[in-house]
Structure formats: structure tokens, C-alpha cells
Amino acid sequence: MKVVALEDVLGTEHDVDGGNWVSRRLILKKDNMGYSVHDTIIKAGTETHIWYQNHLESVYCIEGEGEVVTLKDNKVWPIKKDTLYALDENDEHLLRAKTDMRMICVFNPAVAGTEVHDENGVYPVAKD
Ligand code: 9YT
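- An unreviewed UniProt entry annotates the chain as L-ectoine synthase of Salirhabdus euzebyi.
- Check the Sequence similarities (unreviewed entry) section of the UniProt entry for the chain; it says "Belongs to the ectoine synthase family."

Some thoughts on the site of the ligand
For step 1, the next point in the chain: Near the ligand, the surroundings consist of 16 residues, among which Ser23, Arg25, His38, Thr40 and Tyr123 are the closest.
For step 2, the next point in the chain: One nitrogen or oxygen atom from the side chain of Tyr52 is found 3.2 Å from an oxygen atom belonging to the ligand.
For step 3, the next point in the chain: In this structure, an oxygen atom belonging to the ligand sits 3.1 Å away from a side-chain N or O atom of Glu57.
For step 4, the next point in the chain: Considered on its own, the ligand offers 310 Å² of accessible surface; in the complex 100% of this is hidden by protein.
For step 5, the next point in the chain: Those elements giving two or more residues to the shell around the ligand turn out to be strand S2 (21-27), strand S3 (36-42), strand S5 (56-63) and strand S10 (101-108).

Here we look at the sheet that holds strand S9 (residues 93-97)
For step 1, the next point in the chain: With antiparallel pairing, four strands are arranged side by side in an open sheet as S4-S9-S6-S7. Each edge of the open sheet carries a strand with a single partner, namely strand S4 (47-50) and strand S7 (75-80). Across this sheet, the average inter-strand angle for adjacent strands is 20 degrees, counted without regard to direction.
For step 2, the next point in the chain: With six bridges connecting them, strand S6 (residues 65-70) and S7 associate as antiparallel partners. Bridging across to S7, Val68 finds its partner in Trp77.

The rules behind each value
Residues numbered from 1 in each chain as written. Predicted model: local features only at pLDDT ≥ 70, side-chain atom pairs only at ≥ 80, totals over all residues. Heavy atoms only, no water. UniProt positions renumbered as here; feature names shortened; annotations may be inferred. Near = heavy atom within 4 Å. Polar contact = N/O pair within 3.5 Å; in protein donor to acceptor, adjacent residues only side chain to side chain. Areas by Shrake-Rupley, 256 points an atom, 1.4 Å probe, with all protein chains shown as cover. Helix = DSSP H or I, 4+ residues; strand = E, 2+ residues; numbered from the N terminus. Pairing = 2+ DSSP bridges. Axes fitted to C-alpha atoms, helices over the stretch in contact; angles between N-to-C directions.

Written as C-alpha cells, this is what we have:
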């Protein structure tokens, strides 16, 4: 059994500033759950290019609003509080935040905890 409070993560190496976002990583690869769980704030007015070629991600918006654009078809997906989007095809996308958006993100496979996006919006696969 594990209990993790957000305040346990704040200010640690698992509280990661990605520029357009901050990600507080609650459950990580080291926890051996097979996925990681992050509490992420996407900053208002930002647009982020993301392409998780090595991960599937579900993203549940619990505060705020914005949109996702899938780049294979230029489709615009409005996202607001109480809406989840799932990148089930490693979808390359733009994430636009109209307001600050608070997102609960689940990554498969789990991230190690300190990753930031590379120039292509990718995270590497965490090694053992
Ligand atoms: C929603 C999203 O993908 N935001 C970028 C940060 C990422 N979720 C993370 O590392 O927590």
C-alpha cells in the first residue's frame, strides 16, 4: 500500500517544469505499477507540440479548458473540466490551454520521473 500526497512531491526532482507545463509525478516506474500518474498544470495561453512515440497516455482534465489538435487529420478536440482524452495511437498533437488546465495523466509504460520533452515532444523509454 502506498499513499502519496501532492505536497510530498512539490519541490522534489519529480516536480518537473517543462516550460508550458509543470508536472508533479506521483507514481513512477520505480513503484512497479506498470504505469505512471502525474498531476499536471498546463499554463494558460500556451501551445505545446507533443508526440509520445514511446508511450500511451490518458489525460483527464479536472480544471480549466483548452483543446487538442491531432496532426494527422487537423481535427480539433475541445477539452474542458471532467473530460478525458486518450492518445491511443501515439497521436502527434498540439495541446492548447485557454485557461490553466489541471490534468491527471497516466502513462504506459511508466516514466522514471524527471523526463522533459525532447525537441520532437517525445519522452524516452525509462531504462531499468
Ligand atoms: C497533457 C500532457 O501531456 N502534458 C505534458 C506533460 C505530461 N503530461 C507529463 O509529463 O506529465
